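In case you want the letters, here they are:
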Amino acid sequence: MVGECLADIKPVEVPGAVTRVAGVSQAGKSLVAFPGGGPANIAVGLARLGVPVAFAGRFAREGLGPWLLDHVTGSGVDTSFSVASPSPATIALVTMGEAGGATYAFYGPGTADWQWSLDELPDAQALAGHEPPVVAVHTGSLATALDPGAEVLAGWLGKLRRDCGVTLSYDPNVRPGLMPMDRMVSRVEAFVGLSDLVKVSLDDLEALYPGRDAERIAGRWLEGRPGVVVVTMGADGAMAWSRSGSRGMCPAPKVDVTDTIGAGDSFMSALLAHFLEQGQLSYAALAELPEPELGSALRRAITASAITCTRSGANPPTAAELAGFEQHWQQK
């Protein structure tokens, strides 16, 4: 995993507390910090599913940085590829909407997460020499959107594409308003063109290509590099298409939603774990996946996402929790 590890600051109601604003009484709330950042969440999710995983991030030396680093390492993630930064950690202020949906206001980008230089990133030899050897690299979210780091990551992934056989996966996790959308579209398409596996949400696609059909966009992307493109649709489940023409789909289980923070990241971690366990985490295997295999992968990923939606903050399930929920779902 390569990318950001930041602090999500979420308003949480304090039972029994009351504040007065402009003379009006209202329920009291506190701002509570949760570890976040798409790539870091996915790394933690993989570790909880029993997958050996390393995370390359830029952690602030002071302030929130040590707390974020402790969260990642304490979850069983190898951080030997990460670096310390004199810049502060990134903060995302979360605003909760209806049905637990979240929007984010980011305090950056002059923060640690976006200042990558090429010499800070592991080369093909370092990845191959790691124990266990790195077989796949995932990135996405703000790390692939905000400069100067995004351009550095694009060049680094292109070099990995040429120099070694690791599988590359990508989740754009688009945040409208951070840059002009025409630049965002070209940047997303550049990363898609480097990737073997792409996961994108319906909201991402609507932001990038307003009014366009998701299946047509996935089909166009598959004409380039990816072996599989997955589109998540929130409460409506997810769909996937392989380069060979297979199509899979899976509905989402009904759950009581606390919030949706980290749900897409839990989906991605479970998807990667499933493909790895099945020996399918390579371009050749992904491109030829039949419909039943796509459906099985989506079911596992949606289950992890659903569990995360029942919790506050980005809190992916363990392998035991995932297996228990799947068994309960199958019995319904």
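In this numbering scheme, every chain counts its residues from 1 along its sequence in written order. For this predicted model, a pLDDT threshold of at least 70 governs which residues receive local features, and a threshold of 80 or more governs which side-chain atom pairs are given and counted, while totals over whole chains, interfaces and linings are taken from all residues. By convention in this description, side-chain values take in all heavy atoms of the structure and omit both hydrogens and water.

### Notes on the nonpolar core
Moving on, step 1. Take the buried residues of types Ala, Val, Leu, Ile, Met, Phe, Trp, Tyr and Cys, join any two whose side-chain atoms come within 4.5 Å, and each joined set is a nonpolar core. Accessibility here uses a 1.4 Å probe with only protein chains present; expressed as a share of the type maximum, an area under 20% marks a residue as buried, one over 50% as exposed, and anything in between as partly exposed. Of all hydrophobic cores here, the largest spans 44 residues; its most connected members are Val 137 and Trp 221.
Moving on, step 2. Sequence-distant contacts of Val 137, that is, excluding residues within four places in its chain, are made with Val 2, Leu 127, Trp 156, Leu 157, Leu 160, Val 166, Thr 167, Leu 168 and Ser 169.
Moving on, step 3. Core analysis: the second largest hydrophobic core is formed by 43 residues, Val 44, Phe 59, Leu 271 and Phe 275 among them. The contact criterion used throughout is that any non-hydrogen atoms of two residues lie within 4.5 Å.

### Considering the packing of helix H1 (residues 38–48) against helix H8 (residues 263–277)
Two numbers describe a pair of packed helices, the interaxial angle and the distance between the axes.
Moving on, step 1. In the contact formed by H1 and H8, the axes pass within 8 Å of each other and the chain directions differ by 50°. Considering the angle they form, H1 stands oblique to H8. As H1 packs across H8, the resulting crossing turns out to be right-handed. In this structure, H1 uses Gly 38, Asn 41, Ile 42, Gly 45 and Leu 46 to contact H8, whose residues at the interface are Asp 265, Met 268, Ser 269, Leu 272 and Ala 273.
Moving on, step 2. Residue type decides the class: Asp, Glu, Lys and Arg count as charged, Ala, Val, Leu, Ile, Met, Phe, Trp, Tyr, Cys and Pro as nonpolar, and the leftover types, Gly among them, as polar. For the contact of H1 with H8, the residue count by class is 5 nonpolar, 4 polar and 1 charged. Helix axes are fitted to C-alpha atoms over the stretch in contact, other axes to C-alpha atoms as well, and angles between N-to-C directions run from 0 to 180 degrees. Counting from the N terminus, the helices are DSSP H or I runs at least four residues long and the strands are E runs at least two residues long. Roughly parallel means an angle under 35 degrees; roughly antiparallel means over 145; roughly perpendicular covers 65 to 115; every other angle is labelled oblique. Crossing handedness follows the turn of the near helix against the far one: under a right angle anticlockwise gives a left-handed crossing, and clockwise gives a right-handed one.

### A short note on the packing of aromatic side chains
Moving on, step 1. The rule is short: rings of Phe, Tyr and Trp, with Trp giving its six-membered ring, pair when the centres are within 6.5 Å, and they are stacked under 30 degrees, edge-to-face over 60, tilted in between. As enumerated under the stated definition, the model contains 3 aromatic pairs in all.
Moving on, step 2. For the pair Phe 55 and Phe 59, a centre-to-centre distance of 6.0 Å together with 70° between the ring planes defines the contact as edge-to-face. Just as Phe 55 is buried, Phe 59 falls in that class too.
Moving on, step 3. Positioned above the aromatic ring of Tyr 283 is the side chain of Arg 225, whose terminal nitrogen or guanidinium carbon lies 4.1 Å from the ring centre. Working rule: Lys NZ or Arg CZ, within 6 Å of ring centre, within 35 degrees of ring normal, means a charge sits over the ring.

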